[in-house]
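One letter stands for each residue in the lines below.
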Amino acid sequence: MTLSPGALLRARLQKGLLVLPGVFNAITALLAEQVGFEALYLSGAGVTNSLLGMPDIALITLTEMAQQARYVARAVKLPVIADADTGYGEVLNVARTVEEFEQAGLAGLHLEDQVAPKRCGHLDGKQVIPTEEMVKKIRAAVRARSDPSFFLIARTDARSVNGLEDAIARAKRYLDAGADAIFPESLQSRAEFETFAKAVSAPLLANMTEFGKTPYLRAQEFAEMGYIMVIFPMTAFRVMMHAAREALRTLKETGTQQSLLDRMQTRKELYELLRYADYERLDREIAEGDS
């Protein structure tokens, strides 16, 4: 019996800590699968930045994000969790978001309690909606999923706005509303992560992003504190952008790519990743069958 994406995610969580690298398109998802990750995180910032060339301030639409989710989920055999921002609207919009993301083949999503339009979770100037409004969104998400295994994560940005105590209080309300897990955004020390984990008895997700408010902690350190998922949403994106910029500078200055060859993925490696030979084989089999 084939497990649904949500059920597969839950089965893997039973084994212990899941480290989810951030991906932003199908080919980065294939790379993450190739190197051995067991689950993936579809980064809202990564998709917005790469697909639109715009900042992560709620400019991407549900349709655009759901389409990218379909490409990613189709490309890999891994469960994928996606960033659903604030649900792209109010209660009914949240319900449609869950339906679209589930139909796209995702294993789950996270919703946040920021005021729309949202801001990056590690920037100043955020605002959060009243707790009761977020509770309604979570209830809508629970009712909207057709597969009860579809994993619903409630993210709270309250730490940076109202303090840690409010974030903890909100997390408990969100769990009561039906959230499967809690994502406390922008905690600012190991002590805060420990305090949150002791206060909130639930599956917890930690965000280990770069250049933000959270100190650099290893995945195993989060596991020791009680977190079962750690996302690295923009790590690959930032490394790739840095490498691409340096390559373009070299090409502009020298007029040749020769000095870059040893830093490139080869044609052979790319074709292996894309399973090029499988497509050629299928084409031959179809042609031979028609003759």
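Our structure is the block above this text.
Below is a short write-up of the structure. Remember, predicted model here, so these are calculated numbers, not experimental data.

Thresholds, definitions, all that
- Going along each chain's sequence as written, the residues are numbered from 1 onward.
- Restriction of local features to residues with pLDDT of at least 70 applies here, the model being predicted, together with a cutoff of 80 or more for giving and counting side-chain atom pairs; totals for whole chains, interfaces and linings are based on all residues.
- The basis for the side-chain values is all heavy atoms of the structure; hydrogens and waters are excluded.
- Between Lys or Arg on one side and Asp or Glu on the other, a salt bridge is scored when a side-chain nitrogen of the former is within 4 Å of a carboxyl oxygen of the latter.
- Secondary structure elements are taken from DSSP: a helix is a run of H or I of four residues or more, a strand is a run of E of two residues or more, and numbering for both begins at the N terminus.
- Relative accessible area decides the class of each residue, using a 1.4 Å probe on protein chains only: under 20% of the type maximum gives buried, over 50% gives exposed, and in between gives partly exposed.
- One bridge is not enough; two strands pair if DSSP finds at least two bridges between them.
- What counts as an axis is a line fitted to C-alpha atoms, over the stretch in contact for a helix, and the angles between N-to-C directions run from 0 to 180 degrees.
- In what follows, residue pairs with any heavy atoms lying within 4.5 Å of each other are defined as contacts.
- Definition used in this section: a nonpolar core is a set of buried Ala, Val, Leu, Ile, Met, Phe, Trp, Tyr and Cys residues joined via side-chain atoms within 4.5 Å.
- As defined here, a cavity is a set of points on a 1 Å grid over the protein atoms alone where a 1.4 Å probe fits but cannot get out. A pocket is an open set with protein on both sides within 12 Å along at least five of seven lines, and residues line them when an atom is within 4 Å of a point.
- Grid points are joined across faces, edges and corners, and a volume is the space filled by probe spheres set on the points.
- Under the convention adopted here, Pro, Cys and the residues Ala, Val, Leu, Ile, Met, Phe, Trp and Tyr are nonpolar, Asp, Glu, Lys and Arg are charged, and Gly plus all remaining residues are polar.
- Side-chain rings of Phe, Tyr and Trp, where Trp is taken by its six-membered ring, are said to pair if the distance between their centres is within 6.5 Å; with planes under 30 degrees apart they count as stacked, over 60 as edge-to-face, and otherwise as tilted.

1. Concerning the pattern of salt bridges
Now for step 1: Scanning the model with the defined rule gives 19 salt bridges in all.
Now for step 2: As a salt-bridge pair, D166 and R170 come within 2.9 Å of each other at their nearest N and O atoms. Taken together, the positions of D166 and R170, both in helix α8 (residues 164–176) and four residues apart, correspond to about one turn of that helix.
Now for step 3: One salt bridge in this structure joins E246 and R245, with 3.5 Å as the shortest N-O distance.
Now for step 4: With relative accessibility at 26%, the residue E246 sits in the partly exposed group.
Now for step 5: The class of R245 is partly exposed, set by a relative accessible area of 42%.
Now for step 6: Members of the salt-bridge network, linked through shared partners, are E112, R155, D157 and E185.

2. Details of the sheet that holds strand β6 (residues 181–184)
Sheets are built from strands that pair by backbone hydrogen bonding, the pairs being arranged parallel or antiparallel.
Now for step 1: Strands sit in the order β6-β5-β4-β3-β2-β1-β8-β7 across an open sheet of eight strands; the sheet is parallel. Each having just a single partner strand, β6 and β7 (205–207) make up the two edges of the open sheet. Strand-to-strand twist in this sheet, taken as the mean axis angle between neighbours without regard to direction, amounts to 25 degrees.
Now for step 2: Judged from the three bridges that link them, β7 and strand β8 (residues 229–232) form a sheet pairing that is parallel. By the bridge assignment, L205 is partnered in β8 with M229.
Now for step 3: Sitting on the sheet, helix α2 (residues 26–34) is in contact with β1 (18–23) and β2 (40–42), with an inclination near 150 degrees to β1.
Now for step 4: Here helix α5 (residues 91–103) sits on the sheet in contact with β3 (80–83), β4 (108–112) and β5 (151–156), set at roughly 155 degrees to β4.

3. Thoughts on the nonpolar core
Now for step 1: By size, the foremost hydrophobic cluster in this structure holds 65 residues, and its most contacted members are L42, F101, F196, F222 and Y227.
Now for step 2: The element that contributes the greatest number of residues to this core is helix α4 (residues 62–75), accounting for six residues.
Now for step 3: The residues contacting F196, other than those within four sequence positions of it, are L164, A167, I168, A171, I182, P184, L187, L204 and Y227.
Now for step 4: A39, F151, L205 and I231 belong to the second largest nonpolar core, which has 15 residues in total.

4. Description of the layout of surface pockets
Unfilled space is identified by rolling a water-sized probe across the atoms.
Now for step 1: In this structure, the largest pocket occupies an estimated 530 Å³ of space.
Now for step 2: Lining the largest pocket we find 16 residues, and of these M240, A243, R263, M264 and Q265 sit closest to its centre.
Now for step 3: Contributing elements (two or more residues each) for the lining of the largest pocket: α2, α11 (235–254) and α12 (267–273).
Now for step 4: No other element matches α11, which puts five residues into the lining of the largest pocket.
Now for step 5: When its residues are assigned to classes, the lining of the largest pocket shows ten nonpolar, three polar and three charged.

5. Structural notes on the environment of R249
Now for step 1: Inspection of the secondary structure assignment puts R249 in helix α11.
Now for step 2: For R249, a relative accessible area of 44% puts it in the partly exposed group.
Now for step 3: As a C-alpha pair, R249 and L205 span 44 residues in sequence and 38 Å in three-dimensional space.

6. Overview of empty space enclosed by the protein
Now for step 1: Throughout the structure, instances matching the rule amount to one cavity of 30 Å³ or more.
Now for step 2: Its boundaries defined by the atoms lining it, the largest cavity holds a volume of some 30 Å³.
Now for step 3: Those elements giving two or more residues to the lining of the largest cavity turn out to be α6 (131–144) and β5.
Now for step 4: At three residues, the largest contribution of residues to the lining of the largest cavity is made by β5.
Now for step 5: Here the lining of the largest cavity is composed, by residue class, of seven nonpolar, no polar and no charged.

7. Some remarks on the packing of aromatic side chains
Now for step 1: Summed over all chains, the structure comprises six aromatic pairs.
Now for step 2: Plain terms: the ring middles of F193 and F222 are 5.1 Å apart, the flat faces sit at 75 degrees to each other, and that makes the pair edge-to-face. Of this pair, F193 sits in helix α9 (residues 190–199) while F222 sits in helix α10 (residues 219–225), and the two are 29 residues apart along the sequence.
Now for step 3: Taking the relative accessible area as the measure of exposure, F193 reaches 1% and is therefore buried.

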